[in-house]
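As a plain string of letters, each chain reads:
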Amino acid sequence: MHAQGIASFPYFLGINSLADLASRGDRVCVLNILGGESRQVTPTSHVFSGGNVVFGTSPGRGGQVLKTASGDIPVFNNVREGLSAGHAFNTGVVYLPPSGVRDGVAELIRVNPGLQKIVIVTEKIAVHDAREIRAMAQGAGVDVIGGNCLGVADSWSRVRIGGALGGDHPAETLLQGTVAVFSNSGGFTTTIAQYLATEGWGTTTLVSSGKDVYINYGARDFAHALRNDGRSRAAVLYVEPGGYYEQGIDWSKPVVACVVGRWKSKLTRAVGHAGAMAGAGDSAADKERWFMQAFGVDAIFSPDNPVVSKRGALVTNIAHIPTALSAVMALSGARPDFAPRGSLTLKPWMANDQGIALPGALALPTVMAPAPYAEQIAAVGAQVGAVIARQNMKDKSGASVMDPKTQVTSVHGHSVLELALQPLQANFALPLVHEGAGPNDRAMLDIAVAAEVNLIGDPVLAAADAARAAGNSPNTIMATAASIIGPKRVERALACTRKLIDLFAGSGLKEGHHVDFDSSGIHVDAQTRALFMARDDEAGDSHPEAMLQAVRDRDAKSVFIDFLLRLDGRLSRDAILAAISTTIAWGPLVRKRISRLTAETLPWYLRLYGVMVGSSIAAHHHQWGSLCGISQAERYGQWTMADLCYLAMTGRKPSAEQALPLQMLIGLLVSNGPGSISAQGAKGAVSADGPQTPGRVQINKAMVGFLTHTGYSHGGNGFEGMAFLLERFKGLDLKDPSDPHHGIDLKALAVTYAKAYNAEKRQAKEAGQELRALPGVHHPVFKGKPVNHDPRERFIADFMAKRGDYNVFHAFYRELAQALYDVGATPYVFCVNVDAVIAALLLSLLWSDFKSGVLSERDLETAAFTVFLYGRMIGAAAEIDDHLNRGRNMDTRTPEAACAFVM
C-alpha cells in the first residue's frame, strides 16, 4: 500500500526534517551483519547510538551474535525470524553483495510493515536492480538512502546509521553545531565535519548520499529537510559530476557547495563512484554554473578571491569550505558554534628531508601525533635504517635501471654519465650508501681499501698467482681471490660494526664525521671492549697503526674511531675497518636511505674491493711494507682508489691527467642494468643462498657469481676496439694521442679503411657470408636518422671539449662513421658508440707504455678486461646488496614452463 508522503513532491518522500533522518528512536536491522565491513563498523555505530541495532541477519548463522561494548547483537537467518522473536525495527541497513541487494530490500519491505527507512551501503548495484529497488520503496512508502553510501549521522542525537561516518571515534568528529552536510562521497562527509571544526562550526545531520547510478535520497530531498530543520542554519554540499540532482533548487538557507571532478570530463569511462561520469550538460563545469546562479555569485571562492553572497559560495577545493562558510555566515551576522579546534595547516607527524636543504616553506616542523600514532611513530623513529619489503626480484632491481631511449643506466638515481665525472671513491661508495660520498668519506674509503690491497703473507696472494700462472683470465684470477674472503675472514669486522650501531642507535648522532658529538654517555662493558681490541697473536700486524696514522694524515674525521680510541687499548684492524665503515654508512643509515643490513655488511664489500684490486697485481710486486715499491705509509696516507687501480694496471701512480680518463672509464662501466649477464650472476648467487635468511648469504660468493659471469665476450670484448685502433694506427708515428697536432690525416685514414670495408661487404654479400661487425660503430637503438649519435658518447665528447682535451682515437672514430656513409658502406651516418669512447680513452691512457714496450698487446687486453671488472664490481655490489635486502629465496630461477628442450 502506498503510504502518504509529502504532498509537494511528485514522488514519495517521508522525511520532512533532517532531524528525522537519524534519531534516538530509530531501531535498526542490519542485513549481512557478520560480513567483513559490517563486523568492523556496526559495533561502533551501535555503541555510539546507544544500542540502536536490534538484530542482524546472516543466512546459515542464526543463533550467533555480534559482540559489542554495549552488549551482544543477536543474529538470525532472515528478517522474519528476527521479527518473530520480538525485535521490531523501522530502519534497515544493507551490507549485502551487489547481486543480493534487490532481494534483501524486497525482504525488508515484504515482511516489515513498520519499515520507514533503508540505508544501502553496497556499491555497484546493477541498474535494473536499482530501478526495481526504487519502485518497491516508492510503492511501499519507504525512504532509501544510497546505494554506495556511508549512511546518515546526527551530531545532536549522537546517532549513526549505516556506514562509518565519523570514523572509529565518531564522538570526536560529530560535534554538535548548526551546519548540515550532504556529500556524494562517504569519506569526505567525515572530512568536511573535521574541517568545519577548524573554523568553529559543528554539525547537525550528515548525509552520505552515495553516487551510484541512482541517488535515492538526492539534493532536492535534502534541501526540503534542511528548510524544515530548526537546528540547521546552513549546509555544506560536496558534489561530483553526473546527474541533474542539484539543478534549479531553492536552498532557503546559506549553502557552501564544493564541486569537484573537472578532470573526469576528459575520461571515456567511469572511475571511482559508478555514477560520477557526467553525461550531456551535467559535468562539473555545468554544476558550478548552477550553483553560481543559485548563489548570485560570478566566480569561484578562494582565499585570494573570496567571492560570496548571503545565499552561499562555490568552492572547488575542500580545504576552502570552512573559510567560505565563515565568510557567507558573517554577511548575516552569524557567528561560529564554538571556538576553532585545530587548523588546516600542514602538521607533519614525521619528516625525512634526506639531507636536502629545503626552502623554509617546505621545511615544516613536526608535531606530536595523537594516540595511538605517536607511540607507533616513536617506535619507527627508534628503528635504525630503512625497512625494505621483500619480493620476487628475478629480472628486477631496486638499484639500477636502464633508460631504453638513451641506453644510459642509473645506479641509485645517478646515471653512469654522472658517475664518470665523480671521484672514483664516491662511485665505490654509492652502491652501499646510495649517496655520493663527500670528501671525508672518500678519504675513509681510500684508507679502508688501501689496507686490503697488499696481500703479502695472505693465502689469497698464492691462490691468485696460481690462477694467473695457470693462464686464467683476469676475472677468474679475481674470483679465486674473492672466494677466500668468506664469512670467517670478516666475522669480527661485521661483529664490530653491529656493536657500534647498537651503541650509537638512538644517540642522536646525525653524521659519522661529526666529531663534536658528545659520546661520553655511551659505555661499553669488558666483553664489548675486548671485541674491539687486537689479540695477542696480532702483535706483529702493522695495519692498525698505519690506518690510524693515515686518518690523521688525511685529516679525516670519525666519531667512531675517536670513540674506540678512548677505550684505551690497541685496536684491531677489524675494529678500525668497522669504524671506517660505520662512519661512511651512518648518515644514510640514520636518514633511512639504507637498511641496517647494508650498513652491517659494508666492511665485507670494502675488504673485497681491496682484495680484488690487489689480486690483479702480480705476486712479486707484493712485499712486506710496500706494493710495487710504494710504501705502506704513502699508500694509506695519500693514494686514492684511482691511483690504486692505475697502479694495478701499469705498476705506477697516475698523474692527474691520467687519473681522470681512468675515473671516467670505470664510471661508464659501472652498470648496464639488472639484465646484464654479470648482474644476473651476482643476483643468482644471492638468490641461491637465500636472502630471506641474510646471515647465510655469502657476499664474496655473490661477487664470484658476478666474476664468473664475465668473460672474453662480456668484459674482455673491450679489447676489440683497442685492437681495431692498433691495426689502423700501425706503422704511424703517433707519439701523443692527446696532441691535436699529431700530423696524421685522419680523414684519409678513415676513407681508406671505409673503402676496404665496403669492398669486403660486397664480397661477403656475394658469397652469402656474414659480415664482421665494426667495433665501436653503430648501435641497434641509435639508428635510422641521417646522422646518428649515441648520447653516452656525446656526453663524454662534450665534456672533453669543454676541458680542451683531445683524443686522436676518438677523433678517428668520428671520421670513420662519416667516411663509411660517404663511400656507400652504410645507409646513413652510423653513431660512434660508447664502446669506441672506452677503447679510445683506455688506449690513449696506455699508449706511451705500449709504444715503449712496457706493455704488450696481451697486456692491453688484460688491462681492458681489468678496467671493465673494476667498474662492474661497483655495479655488482649494488645488485648484491639490493637483492640481499629485497629478494626472496631462489627467486631468480626460471619456471620449467618457460624452459625448452632442443634437438
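Residues numbered from 1 in each chain as written. Predicted model: local features only at pLDDT ≥ 70, side-chain atom pairs only at ≥ 80, totals over all residues. Heavy atoms only, no water.

**Q** Sorry if this is basic, but what is going on with the overall build of the protein here?
**A** In terms of regular secondary structure, the protein is built from 32 helices and 20 strands. On C-alpha atoms alone, the protein measures out to a radius of gyration of 38 Å, which is more than a quarter above the 29 Å that the 2.2 N^0.38 rule sets for 903 residues. Considering only C-alpha atoms, the protein reaches an extent of 110 × 80 × 65 Å along its principal axes. Here the protein holds 903 residues, and 55% of them are scored as buried. Of the contacts formed within the protein by residues at least 6 apart in sequence, a portion of 74% connects residues at least 24 apart. Roughly 38,100 Å² of accessible area belongs to the protein as shown, and the carbon and sulfur atoms make up 53% of that amount. (Helix = DSSP H or I, 4+ residues; strand = E, 2+ residues; numbered from the N terminus. Rg over C-alpha atoms; globule rule 2.2 N^0.38 Å. Buried < 20%, exposed > 50% of the residue type's maximum accessible area, 1.4 Å probe, protein only. Contact = heavy atoms within 4.5 Å. Areas by Shrake-Rupley, 256 points an atom, 1.4 Å probe, with all protein chains shown as cover.)

**Q** What exactly am I supposed to notice about the pattern of salt bridges here?
**A** Pairs may arise between side chains of opposite charge once their charged atoms sit close together. Under the criterion given, the structure shown has 40 salt bridges. The partner of aspartate 229 in a salt bridge is arginine 231, with the nearest N and O atoms 3.0 Å apart. Between arginine 570 and glutamate 545 there is a salt bridge, with its nearest N and O atoms 2.6 Å apart. Placement of arginine 570 in the loop between helix 19 (559-565) and helix 20 (573-590) and of glutamate 545 in helix 18 (residues 543-553) is noted, with a sequence separation of 25 residues between them. According to the relative accessible area criterion, arginine 570 is partly exposed, its value standing at 30%. Through salt bridges that share partners, Glu452, Arg492, Arg535, Asp537, Glu538, Arg573, Asp574 and Arg607 make up one connected network. (Salt bridge = Lys/Arg side-chain N within 4 Å of Asp/Glu carboxyl O.)

**Q** Looking at this model, I keep getting lost on the sheet that holds strand 17 (residues 414-415). Mind explaining?
**A** Note: strands within a sheet are paired through backbone hydrogen bonds, in either parallel or antiparallel orientation. Taken together, the three strands give an open sheet; going across it, the order is 15-16-17, and neighbouring strands pair in antiparallel fashion. Each having just a single partner strand, strand 15 (400-402) and strand 17 make up the two edges of the open sheet. Two elements, strand 15 and strand 16 (residues 409-411), share three bridges in a ladder whose sense is antiparallel. In the strand pairing of strand 16, valine 401 is matched with serine 410. (Pairing = 2+ DSSP bridges.)

**Q** Please explain the environment of glutamate 793 as it appears in this structure.
**A** Mapping glutamate 793 onto the fold places it in helix 29 (residues 791-803). Between the C-alpha atoms of glutamate 793 and valine 832, which are 39 residues apart in sequence, the distance is 6.9 Å. Apart from residues no more than four positions distant in its own chain, glutamate 793 is found in contact with His810, Arg814, Val832, Asn833, Val834 and Val837. Among the polar contacts listed, one links the side chain of glutamate 793 to the side chain of histidine 810, at a separation of 2.7 Å. (Polar contact = N/O pair within 3.5 Å; in protein donor to acceptor, adjacent residues only side chain to side chain.)

**Q** Could you clarify how one ought to interpret helix 12 (residues 424-433) in this entry?
**A** Owing to its 3.6 residues per turn, the α-helix brings residues three or four apart onto one side. Judged by how many residues are buried, helix 12 sits mostly within the fold: ten of ten residues are covered. If you check which residues of helix 12 are buried, you get Leu424, Gln425, Ala426, Asn427, Phe428, Ala429, Leu430, Pro431, Leu432 and Val433.

**Q** Explanation requested: the packing of aromatic side chains in the structure shown.
**A** Enumeration according to the criterion identifies 25 aromatic pairs in this entry. Between phenylalanine 55 and phenylalanine 76, the ring centres sit 5.5 Å apart and the planes meet at 90 degrees, which makes this aromatic pair edge-to-face. Taken together, the residues span a long stretch of sequence, with phenylalanine 55 in strand 2 (residues 53-57) and phenylalanine 76 in strand 4 (residues 73-76) at a distance of 21 residues. Between the aromatic rings of phenylalanine 812 and tyrosine 813, the centroid separation amounts to 6.4 Å while the plane-to-plane angle is 50 degrees, which identifies the pairing as tilted. Like phenylalanine 812, the residue tyrosine 813 is buried in the burial classification. Here a set of aromatic residues connected by ring pairs shows up, and it is made of Phe724, Phe729, Tyr753, Tyr757, Phe809, Phe812, Tyr813, Trp847 and Phe850. Cation over ring: arginine 134 sits above tyrosine 11, and NZ or CZ is 5.3 Å from the ring centre. In this structure, arginine 341 packs its charged tip against the face of phenylalanine 338, placed 4.6 Å from the ring centre. (Phe/Tyr/Trp six-rings, centres within 6.5 Å; stacked < 30°, edge-to-face > 60°. Lys NZ or Arg CZ within 6 Å of the ring centre and 35° of its normal.)

**Q** Is there a simple way to explain the confidence of the model for the protein in this structure?
**A** Any residue range with low pLDDT should be treated as having predicted coordinates unsuitable for detailed reading. Averaged over the protein, the pLDDT score is 93; the fraction of residues at 70 or greater is 98%. Of the regions scoring below 50 in pLDDT, residues 268-278 engages in 29 contacts with residues more than four places distant in sequence or in other chains. (pLDDT = per-residue confidence, 0-100.)

**Q** Mind showing me how you'd approach the pairing of strand 14 (residues 312-315) here?
**A** Here is the key point about a regular strand: its side chains alternate between the two faces of the sheet. The two faces of strand 14 match: Gly312 and Leu314 on one face and Ala313 and Val315 on the other face are all buried. As paired strands, strand 13 (residues 255-259) and strand 14 are joined by four bridges and run parallel to one another. Across the sheet, residue alanine 257 finds its bridge partner in strand 14, namely leucine 314.

**Q** I would appreciate a short explanation of the sheet that holds strand 11 (residues 203-208) in the present structure.
**A** The strand order across the open sheet built from seven strands is 9-8-11-10-12-13-14, with neighbouring strands paired in mixed fashion. For this open sheet the edge positions go to strand 9 (159-161) and strand 14, each flanked by a neighbour on one side alone. Pairs of neighbouring strands in the sheet enclose a mean axial angle of 10 degrees, with direction left out of account. As paired elements, strand 8 (residues 151-154) and strand 9 share three bridges and run antiparallel to each other. (Axes fitted to C-alpha atoms, helices over the stretch in contact; angles between N-to-C directions.)

**Q** Looking at this model, I keep getting lost on a nonpolar patch on the surface. Mind explaining?
**A** Taken together, the side chains of Trp349, Met350, Val367 and Tyr373 present a nonpolar region at the surface, about 390 Å² in accessible area. If you trace the backbone, valine 367 turns up in the loop between helix 9 (321-330) and helix 10 (373-382). (Patch = residues over 30% accessible without salt bridge, like charges linked within 9 Å, V, L, I, M, F, W, Y side chains within 5 Å.)

**Q** Hey, could you run me through helix 29 in this one?
**A** Over its 13 residues, helix 29 extends 18 Å from the first C-alpha to the last, a length consistent with the 18 Å expected when each residue adds 1.5 Å. Residues Arg792, Glu793, Ile796, Ala797 and Met800 constitute the buried set of helix 29. Seen from one end, helix 29 has its buried residues packed into an arc of 130 degrees, which puts them on one side. Structural note: helix 29 exposes Ala801 and Lys802 on the side pointing more than 90 degrees away from its buried face. Those residues of helix 29 hidden inside the fold are in contact with helix 11 (416-419), helix 24 (656-668), helix 30 (808-822) and helix 31 (834-851). Taken from the residues just after helix 29, glycine 804 is the one with a positive phi, measuring 80 degrees. (Expected span 1.5 Å × (residues − 1). Arc of directions from axis to C-beta.)

**Q** Any chance you could explain the packing of helix 24 against helix 31 here in plain terms?
**A** Packed helix pairs are specified by the crossing angle of their axes together with the interaxial distance, meaning the distance between the axes. Two elements in contact, helix 24 and helix 31, have axes whose closest approach is 10 Å; the angle formed by their N-to-C orientations is 150 degrees. Classified by the angle between their axes, helix 24 and helix 31 sit roughly antiparallel to one another. At the point where helix 24 passes helix 31, the crossing takes the left-handed sense. Residue-level inspection shows Gln658, Pro661, Leu662, Leu665 and Leu668 of helix 24 in contact with helix 31, the latter providing Val834, Val837, Ile838, Leu841, Leu842 and Leu845. When its residues are assigned to classes, the contact of helix 24 with helix 31 shows ten nonpolar, one polar and no charged. (Parallel < 35°, antiparallel > 145°, perpendicular 65-115°, else oblique. Left-handed = near helix turned anticlockwise from the far one by under 90°. Nonpolar A, V, L, I, M, F, W, Y, C, P; charged D, E, K, R; others polar.)

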